[in-house]
Amino acid sequence: MPGLIGKKVGMTSVFSAEGKSVPCTVIEAGPCVVTQVKTVETDGYTAIQLGFDDKKEKNTTKPLCGHFKKAGTTPKRKLVEFSGYDVEYKLGDVIDVKLFEGTEYVDVVGTTKGKGFQGAIKRLGQHRGPMAHGSKFHRHQGSNGACSSPSKVFKGKGMPGHMGSVKVTTQNLEVVRVDADKNLLLIKGAVPGAKKALITVKETTKSGK
């Protein structure tokens, strides 16, 4: 699906036509530069690679520097492939937030906030034990399986471990406003990721209604 790379600015609220306060996420969507055009003849499929967010040349590998130089642009921090555009783009073309004018719903792909190592109560929503002083069992996980047979913990058992920092797609988010002058996109509700996190905004694959 066609889309853009953006950066999560933060959250705000706007008033709807009915006078209701609508919580929105502000996304700096683009401008993105076309860094590669893939065709069936050369790559076996059709797609467009977009680059977003300038990066210092000294922090970019030489092969990537040549890749960006061929497109006539500066090194970019994020590269993502999209397909399904109605317009044919060439190397070096710029795509901005005007792409979403007239779009009602979008899908947002981002990386959730990392929570570090967490126990089973916070990570999986398991219940705690009695909080009396003599219980000696408050926030432990409890039994992990039978001790006699099969004498092992089954694969997939919910255990304490790393929480967050995973790729998540939130579907059918309503587009509230498109600000072409500032390249800002206001989306109703929350999107995955922390402030200043790089995310991907695409036209929804579902109806959204």
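Further up the page is the structure itself.
The rules behind these values
Residues numbered from 1 in each chain as written. Predicted model: local features only at pLDDT ≥ 70, side-chain atom pairs only at ≥ 80, totals over all residues. Heavy atoms only, no water. Helix = DSSP H or I, 4+ residues; strand = E, 2+ residues; numbered from the N terminus. Contact = heavy atoms within 4.5 Å. Pairing = 2+ DSSP bridges. Axes fitted to C-alpha atoms, helices over the stretch in contact; angles between N-to-C directions. Phe/Tyr/Trp six-rings, centres within 6.5 Å; stacked < 30°, edge-to-face > 60°. Buried < 20%, exposed > 50% of the residue type's maximum accessible area, 1.4 Å probe, protein only. Patch = residues over 30% accessible without salt bridge, like charges linked within 9 Å, V, L, I, M, F, W, Y side chains within 5 Å. Areas by Shrake-Rupley, 256 points an atom, 1.4 Å probe, with all protein chains shown as cover. Salt bridge = Lys/Arg side-chain N within 4 Å of Asp/Glu carboxyl O. Lys, Arg positive; Asp, Glu negative; His and termini not counted. Charge placed at Lys NZ, Arg CZ, Asp CG, Glu CD.

A few points about the side chain of Thr 103
For step 1, the next point in the chain: Assignment of secondary structure puts Thr 103 in the loop between β6 (94-95) and β7 (105-111).
For step 2, the next point in the chain: In this view, Thr 103 contacts Val 175 and Glu 203; residues no more than four positions away in its chain are not counted.

Considerations on the sheet that holds strand β4 (residues 47-54)
For step 1, the next point in the chain: In space, the four strands of this open sheet follow the order β5-β4-β3-β6, with antiparallel pairing throughout. The outermost strands of the open sheet, each flanked by one partner alone, are β5 (76-82) and β6.
For step 2, the next point in the chain: Relative to β4, strand β3 (residues 32-38) runs antiparallel, the two being bridged by five bridges. Bridge assignment links Val 37 to a residue of β4, and that residue is Ile 48.
For step 3, the next point in the chain: Docked against the sheet, helix α2 (residues 62-71) engages β3, β4 and β5, running at close to 100 degrees with respect to β3.

Some thoughts on the packing of aromatic side chains
The relative placement of two aromatic rings is captured by the distance of their centres and the angle of their planes.
For step 1, the next point in the chain: Inspection of the entire model under this criterion finds one aromatic pair.
For step 2, the next point in the chain: For the ring pair Tyr 85 and Tyr 89, a centre distance of 5.5 Å and an interplane angle of 85 degrees mean the geometry is edge-to-face. The burial state of Tyr 85 is the same as that of Tyr 89; both residues are buried.

Looking at a positive patch on the surface
For step 1, the next point in the chain: A cluster of basic side chains, namely Lys 113, Lys 115, Lys 122 and Lys 195, defines a positive patch on the protein surface.
For step 2, the next point in the chain: Turning to its location among the elements, Lys 195 is positioned in the loop between β11 (184-188) and β12 (198-203).
For step 3, the next point in the chain: On the basis of relative accessible area, Lys 195 is assigned to the exposed category, the value being 63%.

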